[in-house]
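So the chains spell out like this:
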Amino acid sequence: HYAGEVEYDSASFLEKNKDELPKESTDFLMSSSNPILPILGRMLSEMSCDTPPKQQQQQRNKSSSLSRGTVGSQFTSQLRQLRERIELTSPHYVRCLKPNDELVPDKFDHFSISNQLRCAGVLEAVRVSRVGYPQRYVHSMFIQRYRVLSKQQLLRQTKWRGEKDVCHSLVNDLASMIME
């Protein structure tokens, strides 16, 4: 969705996104024979006691701090799952642009449209594509796609050389053909 300018409320942001140190870690620090580590463990333990009573009750209800994930670990896990799901599909996107704020037909507000494209990242994607880096192929896909343009002997090299070396040879071979 095109959001344009958005105001955010950061009230209690830190409390909602606080990653807790597992209780096992503070216990481990407090059991150390090094004199500074138990002091550090007590300080960290006291800091976790400063949480509101409702949060303390929720924390006690869970058997181990290792069983609950931090905000960061939950985000990482969800992002990994999303990437895996996207890799299994061939997504296509349709960008819907709002031509004007008045919703009047046949009126195009160029500033509004370019702002929507900028906020959606489309202009940046076009800029990157123009530079020549729209996508990257894995070596096997690169060989599969461009080997027909190379000399016949390169086709046989894949069997006894690594894919990276074959790609390097393929690029050099194609460059020399272009330069001739």
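These numbers come from a predicted model, not from an experiment.

A few words on the overall build of the protein chain. Counting its secondary structure elements, the protein chain contains ten helices and zero strands. Across the protein chain, helices and strands are ordered from the amino to the carboxyl terminus as α-α-α-α-α-α-α-α-α-α. For the protein chain, the proportion of its 180 residues judged to be buried stands at 13%. Total accessible area on the protein chain is roughly 15,600 Å²; 57% of this is exposed by carbon and sulfur atoms.

The subject of this paragraph is the side chain of Q116. Counting through the fold element by element, Q116 comes out in helix α6 (residues 110-119). Residue Q116 is classed as buried on the basis of its relative accessible area, which comes to 3%.

Quick look at the packing of aromatic side chains now. A full pass over the atoms with the stated rule returns one aromatic pair. Here the aromatic rings of F142 and Y146 are separated by 4.9 Å at their centres, their planes lie at 45 degrees, and the arrangement is tilted. Of the two residues, F142 and Y146 are both situated in helix α8 (residues 139-146); the distance of four residues between them amounts to about one turn of the helix.

Located in the positive-phi region is S12, a residue other than glycine, with phi close to 60 degrees. For S12, the position within the fold is in the segment before α1 (13-16). By relative accessible area, which is 35% here, S12 ends up partly exposed. Even without glycine at this site, D106 takes up a positive phi of about 60 degrees.

The next subject is the packing of α8 against helix α10 (residues 163-179). The interhelical angle for the contact between α8 and α10, taken along N-to-C directions, is 40 degrees, at an axis separation of 9 Å. Once α8 is placed against α10, the crossing between them reads as left-handed. Contacts between α8 and α10 involve H139, S140, F142, I143 and Y146 on the former and, on the latter, E163, K164, V166, C167, L170, V171 and L174.

A few words now on the nonpolar core. Of all hydrophobic cores here, the largest spans six residues; its members are F142, I143, V166, C167, L170 and L174. If one sorts the elements of this core by residue count, α10 sits on top with four residues. In this structure, C167 is in contact with H139, F142 and I143, ignoring residues within four places of it in sequence.

A word on the pattern of salt bridges. Taken as a whole and judged by the stated rule, the model has four salt bridges. Put simply, K23 and D27 hold a salt bridge, and the shortest N to O gap is 3.1 Å. With a gap of four residues between them, K23 and D27 both fall in helix α2 (residues 23-30), about one helical turn apart. Given the relative accessible area of 51%, K23 is considered exposed. For the salt bridge of E102 with K107, the shortest nitrogen-to-oxygen distance reads 2.9 Å.

This paragraph deals with the environment of F142. Expressed as a C-alpha distance, the spacing of F142 and C167, which sit 25 residues apart in the sequence, is 7.2 Å. Those residues within four positions of F142 in sequence are excluded, and the remaining contacts are Y137, R147, C167, L170 and V171.

Cut-offs and rules
Residues numbered from 1 in each chain as written. Predicted model: local features only at pLDDT ≥ 70, side-chain atom pairs only at ≥ 80, totals over all residues. Heavy atoms only, no water. Helix = DSSP H or I, 4+ residues; strand = E, 2+ residues; numbered from the N terminus. Buried < 20%, exposed > 50% of the residue type's maximum accessible area, 1.4 Å probe, protein only. Areas by Shrake-Rupley, 256 points an atom, 1.4 Å probe, with all protein chains shown as cover. Phe/Tyr/Trp six-rings, centres within 6.5 Å; stacked < 30°, edge-to-face > 60°. Axes fitted to C-alpha atoms, helices over the stretch in contact; angles between N-to-C directions. Left-handed = near helix turned anticlockwise from the far one by under 90°. Contact = heavy atoms within 4.5 Å. Core = buried A, V, L, I, M, F, W, Y, C linked by side-chain atoms within 4.5 Å. Salt bridge = Lys/Arg side-chain N within 4 Å of Asp/Glu carboxyl O.

The quantities given are spatial measurements derived from coordinates; they are silent on function.
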